[in-house]
Amino acid sequence: MATVQMRVRPADLSQVPKGAERIPDPGILVIFGASGDLTKRKLLPALYHLFQSNLLPEKFAIVGVARRPLGDEFAQDMREGIVEFGDVDKSDAKLDGFVSHISYFALNFDDPGHYAALKAELDRIAEEKNIGPDRLFYLATAPEFFAGIVQNLGAQGMAQPEKGRVAVVIEKPFGHDLDSARELNHQVNAVFQESQVFRIDHYLGKETVQNLLVFRFANGIFEPIWKRNYIDHVQITAAETIGVEGRGPFYEKAGALRDVVQNHMMELLALVALEPPSSFDSDSVRREKLKVWQAIPSIPILNTVRGQYGPGIVDGEHVIGYRDEDRVNPDSSTETYAALQLAIENWRWAGVPFFLRAGKRMKKRATEISIQFKQPPLLIFDRLATSGPCTEIQPNLLTIRIQPDEGIALRFGAKVPTTSEMAVCPVNMDFDYETAFGKSTANGYERLLLDAMLGDQTLFAHRDGVETNWALYTPVLQAWAAKKPQVFPNYFAGSWGPECADHLLEASGHAWRNDLGRPA
Ligand code: BG6
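This write-up is about the structure you can find in this document. (Residues numbered from 1 in each chain as written. Predicted model: local features only at pLDDT ≥ 70, side-chain atom pairs only at ≥ 80, totals over all residues. Heavy atoms only, no water.)

Further remarks concern the nonpolar core. By size, the foremost hydrophobic cluster in this structure holds 154 residues, and its most contacted members are Phe 32, Phe 98, Phe 354 and Leu 356. At 13 residues, the largest contribution of residues to this core is made by helix H8 (residues 248-273). Dropping the residues within four chain positions of it, Phe 32 is found in contact with Val 65, Leu 107, Phe 109, Tyr 115, Leu 118, Phe 137, Tyr 138, Leu 139, Ala 140, Thr 141, Ile 149 and Leu 153. (Core = buried A, V, L, I, M, F, W, Y, C linked by side-chain atoms within 4.5 Å. Buried < 20%, exposed > 50% of the residue type's maximum accessible area, 1.4 Å probe, protein only. Helix = DSSP H or I, 4+ residues; strand = E, 2+ residues; numbered from the N terminus. Contact = heavy atoms within 4.5 Å.)

This is the structure we're talking about:
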């Protein structure tokens, strides 16, 4: 399809407030599971970006906690992580200053005795650096340790101290089905009040995801047509080209539905579908999201598709199939691709199909939401070109590129300048983040870490939301577990997923959009 683009000009950011009013109070951030990948690749680079932007308080400490006996090498390792994954020059002037705030404490997560020593260490650091009593505990361990750590923090009086604000950030996966999520919620809420609990979904920290609310509710022209009367269907795709990246044992237990659909994609869906919140505060936004999820009827198994990649070619390179990945069962039934159709039964969305798909080792990396509008009631331009890209009038399409090439494009028909025929060609208005606002190095965690330090829960999952989504997906997971997939692997690495996923849409006369990314 030929498209003509109208790109936005760079925005004038000189008047944008720098957020100086959003600096947290002095405090200690304690990261459990600090020797893992997440800390080095995401958390520390994000904290450094906050530090660079003067968004951390003058007095703070970061204490990494894990089982390995590490010393100063931990801070040095974090320094390397910041340089490598944070797009930071290794001689950056502020780097040494930042690293001096990092220390390490070896602890066996299951040993209650170690927590008394941890408490003493945190008190010592706080006194030495004159930091005060605020603490943020970040659980970045394997999920089986979450409950034990929370319990031990509670037993040492670290969850409800007499002074200071204490909160806990819990990484995903939050449970592996409805029962386990309920139990974990119960264990966490026995120690921390819900207002202290920050269940993280890093998608909510992405600028483009936050912009969904701004796009819908800071503009007057989209909301009136944001409904069943004008929208034909919605597609949400989270396609990755990477495989399981050495996380075989984790992924074997998770699969695409648990790993990405039940959380990240449902957040995207909620932000597309929610009613206007009465204000941008945590309770209002979370309430509206919950109403969307509660309006989704159970998903018939016939409306779901699962897939697993075999060997193939991704970005010109031969790659192995899932079953050949390190520490993956050679006979694995774990899905690396999931697609489904669901409905939202409320006045705004009744009758509008929502199609979701997520997969690893797909043809292209692209997370996108596309909203296809209905055709005009009468097509009067019927003398179209007989060949080329303009032979049919395409419906309006709004595509929101969550990543990469972040932006928003609106497709509409335009008359091709020619005197011989009334040719209508699709063109795109394309807003592109980088052109408008410059390149961003943020990874989504900056905003979430800052909000957690400030006590703002707007961009975090609430227990009701987590349980509602598990209630929706647990029956699908159970049905899949009860019936082994007949033909796995069923898609080549580097393709758009299994063929049966196409049939899912064909039944209602639709097709997956595979020309994802910035309009050509
Ligand atoms: C994580 C999943 O939550 O999200 C990963 O566990 C996935 O499997 C990742 O690759 C995708 O995140 P992003 O930010 O790269 O889209």
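A few words now on the packing of helix H9 (residues 282-294) against helix H12 (residues 463-482). Any two packed helices are characterised by how steeply their axes cross, that is the angle between the axes, and by the distance between the axes. In contact at an axis separation of 10 Å, H9 and H12 are set at 15 degrees when each is read in the N-to-C sense. On the basis of the axis angle, H9 is roughly parallel to H12. Both H9 and H12 take part in a crossing whose hand is left-handed. Where H9 approaches H12, its residues Leu 290, Trp 293 and Gln 294 are matched on the opposing element by Asp 464, Gly 465, Thr 468 and Asn 469. (Axes fitted to C-alpha atoms, helices over the stretch in contact; angles between N-to-C directions. Parallel < 35°, antiparallel > 145°, perpendicular 65-115°, else oblique. Left-handed = near helix turned anticlockwise from the far one by under 90°.)

Burial analysis of strand E13 (residues 354-359) places six of its six residues in the buried class, the great majority of the element. Relative to E13, strand E8 (residues 231-239) runs parallel, the two sharing six bridges. Note on E13: the bridge partner recorded for Ala 239 is Gly 359. In the sheet, strand E12 (residues 337-342) pairs with E13 via six bridges, with the strands oriented antiparallel. Along E13, the bridge assignment pairs Leu 340 with Leu 356. (Pairing = 2+ DSSP bridges.)

Before going further, it helps to examine H9. Counted at 1.5 Å a residue, the expected span for H9 with its 13 residues is 18 Å, and the 18 Å between its end C-alpha atoms agrees. Among all positions of H9, only Ser 282, Ser 284, Val 285, Arg 286, Glu 288, Lys 289, Leu 290, Val 292 and Trp 293 are buried. Packing partners of the buried residues in H9 comprise helix H7 (207-217), H8 and H12. Measuring from the backbone nitrogen of Asp 283 back to the side-chain oxygen at the start of H9 gives 3.1 Å, which picks out Asp 281 as the cap. (Expected span 1.5 Å × (residues − 1). Polar contact = N/O pair within 3.5 Å; in protein donor to acceptor, adjacent residues only side chain to side chain.)

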